[in-house]
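Next come the chains, spelled out residue by residue.
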Amino acid sequence: MRHIAIIGSGPSGYYAAEAAGKKWGDDARIDVFDKLPVPYGLIRTGVAPDHQSIKAVARRYEKTALTENVRFVGNVTVGSDVTVPELQDLYDAVVFATGAPHDRQLGVEGEDLGNIFGSAAFVGWYNGHPDFAALDPDFSGKHAVAIGMGNVALDVARILSKTEGEMAGSDIVEHALSALRGSKLETVTILGRRGPHQIMMTPKELGELMHLERASPMVDPEDLPPVDDDLILEPGLRKSVTLLRDFAAIPASIHGETPIGIEFDFFANPVSFEGKDGKVSAVEVEKTVIEKGRALGTGETYRVPADLVITCIGYRSSSIEGVPFDERQGKFANDDGRILPGLYCVGWAKRGPTGTIGTNRPDGYGVIDLVAEDIGQGNRKRGREGFDELAAARGLDIVTFRDWQKIEEAEAAAAREGAPREKFVDIADMIAARG
């Protein structure tokens, strides 16, 4: 019998669990740990609430979670409730699938001013993550800035710009919907230090900006390279740049009809934040030029008004005492998924915050191939039975997948009309909801 512990119940964790189940069947016991009482990681708290079709992938993970040899172990924090060495003593392999839950810092002056948030925190706030439910962003100003040129910046800009009616059918939490209801925003600037040919935005997400009721996207035609230069781009990026060209062609009269402008500001590197009364009031930006794909400063600066700033510049994994960690890249130090004997990592914890949800599937299967190569038939460890004894001795209140299904039912019952659920944002409320 092989005993596998997977730390993290997001996409990479459940793909690894799926792979282990398919490889070994009844000859494996797989425990999927999560510090929250609810599963699915960024599917629940990272994917935009108005992208319900993407969140539907959770049904695939549910199928894995309900197999006899896979168990969800929620409300258990690895590192404090149970240590990594303890798990290593109990399981043949410990796989970190912890994602990258922390924001990267810009590292510029004024970053500690009020109403500046990282995207992990801000997205977690409107998605109901318990760690960020009390964030309390202020929407009374006219100008918001999203720093970054990826899909997360687009998500933020879209959520800030949508009407309440456009959020029908989403699972945005009530505290966020209520706060956004009183928003006074007139501009959302998407700020990036490189140019249109270096964006990480996908056509689907960009295209959504063309269909907003009260907002229109704006691109300065001067920022666009010659059309013929698009021919060398890979097809997806070429489609995205074509959409930027479409934005640049929108007549000024159309912009005048929408109360919110979503402005793309390219070749703009934030160098500091200015504040008033402890809150951000502007971003000082240095103009850049692109040389060999790199953004180089020109020395020319200007100010972008900003009453609210969301930095969407990437994420970092959580380090755990005793586990080698690459501080520069914000991920576990590993050799293609191997960290140390018996310790592995997968997904963003392995490769950093890159790729889509689907990228985690081959990654999950790949790490289980490594585990199979290393552990053979298993090492006669106690696995689940031993962990349950340890948990009982420590009084750990484990939340099972059946418990989660009761929490899920309670969230669905509490949903406003048209919404799939109203998420609990307090851990105690989640645990109470299981009955």
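Up top is the structure.
Residues numbered from 1 in each chain as written. Predicted model: local features only at pLDDT ≥ 70, side-chain atom pairs only at ≥ 80, totals over all residues. Heavy atoms only, no water.

Draft legend 1. Quick peek at the overall build of the protein chain. Looking only at helices and strands, the protein chain has 16 helices and 19 strands in total. Radius of gyration (C-alpha) of the protein chain: 23 Å, near the 22 Å computed for a compact globule of 435 residues. Counting across all 435 residues of the protein chain, residues that qualify as buried make up 53%. Counting only contacts in the protein chain whose residues sit at least 6 apart along the sequence, the fraction spanning at least 24 positions is 75%. Carbon together with sulfur atoms contributes 50% to the accessible area of the protein chain, which is approximately 19,000 Å² in total. Counting 48 positive and 67 negative side-chain charges, the protein chain places the averaged centre of each group 5 Å from the other. (Helix = DSSP H or I, 4+ residues; strand = E, 2+ residues; numbered from the N terminus. Rg over C-alpha atoms; globule rule 2.2 N^0.38 Å. Buried < 20%, exposed > 50% of the residue type's maximum accessible area, 1.4 Å probe, protein only. Contact = heavy atoms within 4.5 Å. Areas by Shrake-Rupley, 256 points an atom, 1.4 Å probe, with all protein chains shown as cover. Lys, Arg positive; Asp, Glu negative; His and termini not counted. Charge placed at Lys NZ, Arg CZ, Asp CG, Glu CD.)

Draft legend 2. Focus on the packing of helix 6 (residues 119–127) against helix 7 (residues 151–161). Helix 7 packs onto helix 6 with a crossing angle of 40° between their chain directions and a minimal axis gap of 11 Å. Here helix 6 lies oblique to helix 7, going by the angle between them. Here helix 6 and helix 7 pass one another in a crossing that is left-handed. Side by side, helix 6 and helix 7 meet where S119, F122, V123 and Y126 of the first sit next to V152, D155, V156, I159 and L160 of the second. When grouped by side-chain class, the residues that make up the contact of helix 6 with helix 7 number 7 nonpolar, 1 polar and 1 charged. (Axes fitted to C-alpha atoms, helices over the stretch in contact; angles between N-to-C directions. Parallel < 35°, antiparallel > 145°, perpendicular 65-115°, else oblique. Left-handed = near helix turned anticlockwise from the far one by under 90°. Nonpolar A, V, L, I, M, F, W, Y, C, P; charged D, E, K, R; others polar.)

Draft legend 3. Representation of the pairing of strand 8 (residues 187–191) within the structure. Extensive coverage of strand 8 is indicated by the burial of 5 of its 5 residues. Burial along strand 8 is two-sided: T187, T189 and L191 facing one way and V188 and I190 facing the other are all buried. With 5 bridges joining them, strand 7 (residues 143–147) and strand 8 adopt parallel strand pairing. Bridge pairing links H143 to T187 in strand 8. As defined by bridge partners, strand 8 adjoins strand 10 (residues 260–265) across 5 bridges and the pair is classed as parallel. Within the sheet, the bridge partner assigned to V188 lies in strand 10 and is I262. (Pairing = 2+ DSSP bridges.)

Draft legend 4. How the structure looks around the sheet that holds strand 9 (residues 215–219). If you walk across this open sheet you meet the 6 strands as 6-14-7-8-10-9, and the pairing is parallel. Only two strands of the sheet have a single neighbouring strand rather than two, namely strand 6 (116–118) and strand 9. Each strand of the sheet is rotated relative to its neighbour by a mean of 20°, with strand direction disregarded. Packed onto the sheet, helix 6 meets strand 6 and strand 14 (308–311) and runs at close to 90° relative to strand 6. Its contacts with the sheet put helix 7 on strand 7, strand 8, strand 9, strand 10 and strand 14, and the angle it makes with strand 8 is roughly 180°.

Draft legend 5. Geometry of the sheet that holds strand 2 (residues 28–34). Strands sit in the order 3-2-1-4-19-18 across an open sheet of 6 strands; the sheet is mixed. Strands at the two margins of the open sheet, each flanked by one partner only, are strand 3 (70–74) and strand 18 (338–340). Between one strand and the next, the sheet's axes are offset by a mean angle of 25°, whatever the strand orientation. Of the strand pairs in this sheet, strand 1 (residues 2–7) and strand 2 are connected by 6 bridges, and their pairing is parallel. Within the sheet, the bridge partner assigned to I4 lies in strand 2 and is I30. Strands strand 1, strand 2 and strand 3 of the sheet are contacted by helix 1 (residues 11–24), whose axis makes an angle of about 175° with strand 2.

Draft legend 6. Spotlight on helix 7. Buried residues dominate helix 7, accounting for 9 of its 11 residues. For helix 7, the full list of buried residues reads A153, L154, D155, V156, A157, R158, I159, L160 and S161.

Draft legend 7. The pattern of salt bridges, seen in detail. One pass over the full model with this rule turns up 36 salt bridges. Between R71 and D388 there is a salt bridge, with its nearest N and O atoms 3.0 Å apart. On the criterion of sequence distance, the pair formed by R71 in strand 3 and D388 in helix 14 (residues 383–394) is long-range, its members being 317 residues apart. On the accessibility criterion, R71 (18% relative accessible area) is buried. The partner of E86 in a salt bridge is R394, with the nearest N and O atoms 2.4 Å apart. Of this pair, E86 sits in helix 5 (residues 84–90) while R394 is found in helix 14, placing the two residues 308 residues apart along the sequence. Each of D50, D155, R158, K162, K204 and E208 takes part in a single network of salt bridges with overlapping partners. (Salt bridge = Lys/Arg side-chain N within 4 Å of Asp/Glu carboxyl O.)

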